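A look at the structure
Residues per chain, in single letters:
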Amino acid sequence: MSLLDKVKNLQENNAANDKKILNGGYGLTKTFWLFWFIPTLVLIAIFVFCIESEGSAIKLSGLLLFWSGYMFLCVRNTTDGKRIWKTLALIIIGCDFINRAVGIILFISAK
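Residues numbered from 1 in each chain as written. Predicted model: local features only at pLDDT ≥ 70, side-chain atom pairs only at ≥ 80, totals over all residues. Heavy atoms only, no water.

A short note on the overall build of the protein chain
Along the backbone of the protein chain there are 4 helices and 0 strands. Secondary structure elements of the protein chain, listed N to C terminal, follow the sequence α-α-α-α. Taking 111 residues into account, the globule formula puts the C-alpha radius of gyration at 13 Å, and the protein chain, at 17 Å, lies well above it. C-alpha extents for the protein chain along the principal axes are approximately 55 × 40 × 25 Å. Per-residue burial over the protein chain gives 23% buried out of 111 residues. Pairs at least 24 apart in sequence give 69% of the contacts found in the protein chain among residues at least 6 apart. Accessible surface for the protein chain amounts to roughly 7,900 Å². Of this, 68% is attributable to carbon and sulfur atoms. (Helix = DSSP H or I, 4+ residues; strand = E, 2+ residues; numbered from the N terminus. Rg over C-alpha atoms; globule rule 2.2 N^0.38 Å. Buried < 20%, exposed > 50% of the residue type's maximum accessible area, 1.4 Å probe, protein only. Contact = heavy atoms within 4.5 Å. Areas by Shrake-Rupley, 256 points an atom, 1.4 Å probe, with all protein chains shown as cover.)

Next comes the structure, spelled out in structure tokens:
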């Protein structure tokens, strides 16, 4: 198998994984905890301990805003689990999205 074949195979696998997460194929538990909660905590830790410039802070907040919106759609499309847990996950992610959007708007309007 040549290098080009391996790259094409990886691209096909990545596209399949992207489609699987967007369609809720991983389930509510993995989608919420593994793909939203843990990456958000890691990025917040980077935000708190490593970022000193305002430009980097607003970029990271924008990235987290985008990620929360994308994960909101992914969690909404999950079909397994109890409805209460899905609703709670959507509320948590939605509140995070709104909080970050308001924070970015206030930060930009204060300048």
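Some points on the pattern of salt bridges
Evaluated as defined, the whole model comprises 1 salt bridge. Residues Arg100 and Asp96 are paired through a salt bridge, measuring 3.3 Å at the closest nitrogen-oxygen approach. Residue Arg100 and its partner Asp96 are located together in helix α4 (residues 83-109), separated by 4 residues, close to a single helical turn. Each member of the pair, Arg100 together with Asp96, is buried. (Salt bridge = Lys/Arg side-chain N within 4 Å of Asp/Glu carboxyl O.)

Describing the layout of surface pockets
A water-sized probe, rolled over the atoms, reveals where empty space remains. Volume-wise, the largest pocket comes out at about 200 Å³. Taken together, Leu28, Thr29, Phe32, Trp33, Asp80, Gly81, Lys82, Trp85, Leu88, Ala89 and Ile92 make up the lining of the largest pocket. Within the residue set of the lining of the largest pocket, elements represented by two or more residues are α2 (27-50) and α4. (1 Å grid on protein atoms, 1.4 Å probe; cavity = no way out; pocket = protein on both sides within 12 Å on 5 of 7 lines; lining within 4 Å. Points joined across faces, edges and corners; volume = space filled by probe spheres on them.)

Some thoughts on the nonpolar core
The tendency in soluble globular proteins is for nonpolar side chains to be buried as a group. In terms of nonpolar packing, the biggest core is built from 10 residues, these being Ile21, Leu28, Phe32, Trp36, Met71, Cys74, Val75, Ala89, Leu90 and Ile93. Those elements that place two or more of their residues in this core are α2, α3 (54-76) and α4. (Core = buried A, V, L, I, M, F, W, Y, C linked by side-chain atoms within 4.5 Å.)

So far we have only geometry, and geometry alone does not tell us how the molecule works.
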